[in-house]
Amino acid sequence: MKRSVFGLVVALSLTACKEEPRGQMEPIPRPPGMKDAPPPAEAPAAAAEPPVDPSKVLLRWKLAQGASTAYRLDLERTGGATAAASTEEAPPAKGAKGKGKPAAKAAPKAPPPAPLPSAVTYALELTDSGDYRLRVTPDGSTADVDVGTLSERGFVLDGLQGATRNIATLVLELPRDPVGPNDTWALGTQLILSEELGTQFIPGQPERRNRVKLTSLTAADGGEQVATLEYDISEKLGGKLRAKEAPPTSPARAAEEDAEAASENPKSKPTPEADASAEVTITGRGEFLVKAGQWRSWEGTVTTVTKGGFPTAALQVPTGGLKLRLSPAGSAPRPPPAPTAQPQQ
């Protein structure tokens with residue numbers, strides 16, 4: 001009996017020693033008929049870069065570090081497309097009899113075209129810091145130099161304004177993306193600046209067309225390719241120009257006119273308005289050497305016509321007709337030396 005009790009105690013002790021630790025999690029058995037979980041998916045492979053289209057080329061300026069490339073841009077005034085001004089008289093105010101009042105004055109004629117240099121030199125430079133710089137030097141002068149910064153494709157970043165900027169954009173800016181035959185893109189030109197129209201002008205809806213087209217890619221000697229570009233750009237803006245009222249001849253006469261207008265029309269008389277418009281048209285054609293990264297030739301025309309006393313301050317190109325011709329120059333003009341400090345007396 002004692003031996004049996006002793007054996008039972010030993011068996012219980014051994015069972016207690018094999019007890020699993022508390023808190024241990026056991027896997028839940030999979031229900032019968034359920035398939036095993038699929039293995040984890042592998043990370044997707046990096047997308048391969050699209051293949052280079054052999055029919056397209058990337059047009060870029062290629063300059064040596066610290067060197068410059070110069071072009072001469074000839075500018076020639078052409079006849080038959082000069083700025084015009086309307087000579088029609090402004091309509092009289094509604095209800096005015098016109099007795100004893102001076103006739104409405106005709107719109108002033110447009111001023112003569114501003115003088116232009118016969119040529120300018122563009123000097124493209126790649127500075128030691130890697131920036132592209134442009135110096136625009138009028139023919140026969142090294143003092144009146146405009147300096148701007150460009151991107152690698154010739155986009156004007158800073159430093160040039162007005163007509164200088166627009167003409168530089170026209171002959172220097174290249175497309176952002178690779179292009180092939182019949183591809184088109186737009187230039188960063190701004191031909192009519194609405195901020196300069198003034199409060200007297202009530203503008204209508206502008207009409208714009210801005211297209212440059214790569215018409216062909218042809219092979220040349222030495223593995224060179226010639227990209228032929230054609231330019232078709234225009235901007236037109238019309239509206240109403242409010243005439244400025246002439247000052248009264250005397251206080252007594254002004255009071256008499258106000259009394260007459262009030263008796264005929266209790267409402268304030270409207271200000272006479274006349275039609276006014278401006279239209280800028282640009283055409284051009286250039287041949288760009290793809291491998292060398294420079295123009296072989298470029299020619300174009302800029303025609304600006306205004307009517308009805310359109311505010312010429314809003315125009316960002318010269319008025320009238322202008323013929324442009326770009327050609328490689330032998331060497332860039334040197335910048336003027338920096339002024340030296342004068343010794344104090």
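Residues numbered from 1 in each chain as written. Predicted model: local features only at pLDDT ≥ 70, side-chain atom pairs only at ≥ 80, totals over all residues. Heavy atoms only, no water.

> Can you tell me about the packing of aromatic side chains, naming the residues and giving the values?
Two aromatic rings, taken as a pair, are described by how far apart their centres are and by the angle between their planes. For the structure shown, the criterion picks out 5 aromatic pairs. Measuring from ring centre to ring centre gives 5.2 Å for F201 and F310, while their planes differ by 75°; the resulting arrangement is edge-to-face. Taken together, the residues span a long stretch of sequence, with F201 in strand β7 (residues 201-203) and F310 in the loop between β11 (294-307) and β12 (320-328) at a distance of 109 residues. Classification of F310 by relative accessible area gives buried; the value is 3%. The interplanar angle of 90° and the centroid separation of 5.2 Å between the aromatic rings of F288 and W295 together place this pair among those described as edge-to-face. (Phe/Tyr/Trp six-rings, centres within 6.5 Å; stacked < 30°, edge-to-face > 60°. Helix = DSSP H or I, 4+ residues; strand = E, 2+ residues; numbered from the N terminus. Buried < 20%, exposed > 50% of the residue type's maximum accessible area, 1.4 Å probe, protein only.)

> Report on the pattern of salt bridges, specifying residues and quantitative values.
Within this structure, the stated rule accounts for 13 salt bridges. Where R176 meets D177, a salt bridge forms, and the shortest distance between an N and an O atom there is 3.3 Å. Between D275 and K240 there is a salt bridge, with its nearest N and O atoms 2.4 Å apart. On the criterion of sequence distance, the pair formed by D275 in strand β10 (residues 273-289) and K240 in strand β9 (residues 225-242) is long-range, its members being 35 residues apart. By relative accessible area, which is 34% here, K240 ends up partly exposed. Through salt bridges with shared partners, a single network forms among R72, D74, D139 and R325. (Salt bridge = Lys/Arg side-chain N within 4 Å of Asp/Glu carboxyl O.)

> Give a description of the side chain of R153 that names residues and reports values.
Secondary-structure assignment places R153 in the loop between β4 (146-150) and β5 (156-158). A distance of 2.7 Å separates a polar side-chain atom of R153 from the backbone oxygen of L174. Not counting residues up to four positions away in its chain, the partners in contact with R153 are R60, W61, L172, E173, L174, P175 and R176. (Polar contact = N/O pair within 3.5 Å; in protein donor to acceptor, adjacent residues only side chain to side chain. Contact = heavy atoms within 4.5 Å.)

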